[in-house]
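Results of the structural survey
Single-letter residue listing:
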Amino acid sequence: MAFPEPKPRGPELPQKRLKTLDCGQGAVRAVRFNVDGNYCLTCGSDKTLKLWNPLRGTLLRTYSGHGYEVLDAAGSFDNSNLCSGGGDKAVVLWDVASGQVVRKFRGHAGKVNTVQFNEEATVILSGSIDSSIRCWDCRSRRPEPVQTLDEAKDGISSVKVSDHEVLAGSVDGRVRRYDLRMGQLFSDYVGSPITCTCFSRDGQCTLVSSLDSTLRLLDKDTGELLGEYTGHKNQEYKLDCCLSERDTHVVSCSEDGKVFFWDLVEGSLALALPVGRGVVQSLAYHPTEPCLLTAVGGSVHCWREEAYETEGGAG
């Protein structure tokens with residue numbers, strides 16, 4: 001007789017603390033993985049940006065050039081450049097290897113909350129509390145943006161980019177999706193000020209967090225509400241949310257020192273991970289593995305699944 005196939009293992013959630021980075025840059029405003037998940041960036045209230053190997057806990061380089069706290073950063077697809085934005089209203093393009101500022105783009109009228117490269121890393125998109133998204137050409141010497149998207153009625157909290165779309169969340173309670181191929185703008189009204197938006201990894205859905213302590217999963221094309229996720233606390237701060245590496249779980253920071261994981265389909269709470277005291281300001285999920293970075297105060301914690309073994313035995 002034929003034995004039944006073994007059931008595929010369910011997704012494992014990162015709940016074992018592997019490393020703690022004491023970042024030494026004041027409060028860590030954001031933590032971000034690079035494109036392949038081997039390195040991470042931390043944005044400091046002390047005006048610096050730092051590049052780390054999070055699994056080893058080693059600092060690789062410090063980037064100094066902002067005039068005020070750094071609020072977001074991103075790496076290019078080929079790991080050669082970084083971009084960052086901050087309280088000095090500037091968007092900075094960095095050379096990773098030398099640590100030098102390549103370009104500093106000025107034009108926003110308020111602090112820059114969010115920055116992203118396009119897929120080819122030829123354009124930086126920046127979102128600001130001045131209600132605009134500006135698109136900066138990395139290769140041009142022109143000081144002004146190549147395009148400004150100013151449909152929002154209040155500050156931009158979150159910008160994400162796919163190969164032909166820009167997804168933006170605003171304090172005005174709307175998620176806007178710009179389809180650059182079709183030249184169209186789609187808008188979904190959530191009502192509460194939006195703190196973070198992101199695409200699902202399969203590109204079919206958008207996840208939206210807002211200041212009513214609720215995350216919503218929307219069908220990207222129709223705007224239909226597919227799921228709601230509650231239990232965490234998000235009433236005051238701009239907190240990150242994301243989907244796990246296989247789109248199985250919804251993940252969010254919380255103002256009560258935890259990171260929450262919900263089953264995407266069922267909507268049920270799978271794990272409330274105690275991370276630290278106070279607000280979990282930022283998180284980043286590895287692109288292909290169950291690995292999570294969390295930022296609380298001046299530290300970043302690196303989490304893996306329970307079964308994970310570090311090289312050379314238990315870590």
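Residues numbered from 1 in each chain as written. Predicted model: local features only at pLDDT ≥ 70, side-chain atom pairs only at ≥ 80, totals over all residues. Heavy atoms only, no water.

The protein chain is annotated in an unreviewed UniProt entry as WD repeat domain-containing protein 83 from Microcebus murinus. Checking UniProt for the protein chain, the heading Sequence similarities (unreviewed entry) contains the comment "Belongs to the WD repeat MORG1 family." The heading Subunit (unreviewed entry) in the UniProt record of the protein chain holds the text "Interacts with EGLN3/PHD3. Interacts with ERK signaling proteins MAP2K1/MEK1, MAP2K2/MEK2, LAMTOR3, ARAF/Raf-1, MAPK1/ERK2 and MAPK3/ERK1. Identified in the spliceosome C complex. Interacts with PARD6B and CRB3. Interacts strongly with GTP-bound RRAGA but not with inactive GDP-bound. Interacts with p62/SQSTM1." (UniProt positions renumbered as here; feature names shortened; annotations may be inferred.)

Looking now at the overall build of the protein chain. Secondary structure assignment for the protein chain yields 0 helices and 28 strands. The globule rule puts the C-alpha radius of gyration for 315 residues at 20 Å, and the 19 Å found for the protein chain is close to it. Structurally, the protein chain occupies a C-alpha span of about 70 × 45 × 40 Å along its principal axes. By residue count, 54% of the 315 residues in the protein chain fall in the buried class. Expressed as a percentage of contacts within the protein chain between residues at least 6 apart in sequence, the contacts between residues at least 24 apart total 43%. (Helix = DSSP H or I, 4+ residues; strand = E, 2+ residues; numbered from the N terminus. Rg over C-alpha atoms; globule rule 2.2 N^0.38 Å. Buried < 20%, exposed > 50% of the residue type's maximum accessible area, 1.4 Å probe, protein only. Contact = heavy atoms within 4.5 Å.)

Turning our eyes to something else, we now look at the UniProt feature "repeat: WD" (unreviewed entry) in the protein chain. Sequence positions flagged by UniProt for "repeat: WD" (unreviewed entry) are, in local numbering, residues 21–62, 63–104 and 105–146. Here residues 21–62 runs as 0% helix and 57% strand, with 14 Å between its end C-alpha atoms. As annotated, residues 105–146 has a helix share of 0% and a strand share of 43%, and its two end C-alpha atoms lie 12 Å apart.

Within the secondary structure layout, R176 lies in strand β16 (residues 174–179). Of note is the side chain of R176, whose polar atom sits 2.9 Å from the side chain of D172. Not counting residues up to four positions away in its chain, the partners in contact with R176 are E151, A152, K153, V166, L167, A168, S170, L185, F186 and S187. (Polar contact = N/O pair within 3.5 Å; in protein donor to acceptor, adjacent residues only side chain to side chain.)

This brings us to the pattern of salt bridges. According to the stated counting rule, one finds 17 salt bridges in the structure shown. One salt bridge in this structure joins E245 and R246, with 3.9 Å as the shortest N-O distance. Since its relative accessible area comes to 13%, E245 is described here as buried. Here the salt bridges share partners, and the residues they tie into one network are E165, R177, K220 and D221. (Salt bridge = Lys/Arg side-chain N within 4 Å of Asp/Glu carboxyl O.)

Counting across every chain of the model gives 4 aromatic pairs. Between Y63 and W94, the ring centres sit 5.6 Å apart and the planes meet at 70°, which makes this aromatic pair edge-to-face. Taken together, the residues span a long stretch of sequence, with Y63 in strand β5 (residues 58–64) and W94 in strand β8 (residues 91–95) at a distance of 31 residues. Residue class for Y63 comes out buried when judged on its relative accessible area of 0%. (Phe/Tyr/Trp six-rings, centres within 6.5 Å; stacked < 30°, edge-to-face > 60°.)

Look at any regular strand and the pattern is simple: side chains alternate between the two faces of the sheet. Among the 6 residues of strand β11 (residues 123–128), 6 are classified as buried, and the element is accordingly described as predominantly covered. Where burial is concerned, the two faces of β11 agree: the one with V123, L125 and G127 and the one with I124, S126 and S128 are both buried. Of the strand pairs in this sheet, strand β10 (residues 112–117) and β11 are connected by 5 bridges, and their pairing is antiparallel. Counted as the bridge partner of V115 is S126 from β11. Adjacent in sequence and paired antiparallel, β10 and β11 are bridged by 5 residues, among which A121 carries a positive phi angle near 60°. Where β11 meets strand β12 (residues 133–137), 5 bridges bridge the pair, whose relative direction is antiparallel. Its bridge partner lying in β12, I124 is registered against W136. (Pairing = 2+ DSSP bridges.)

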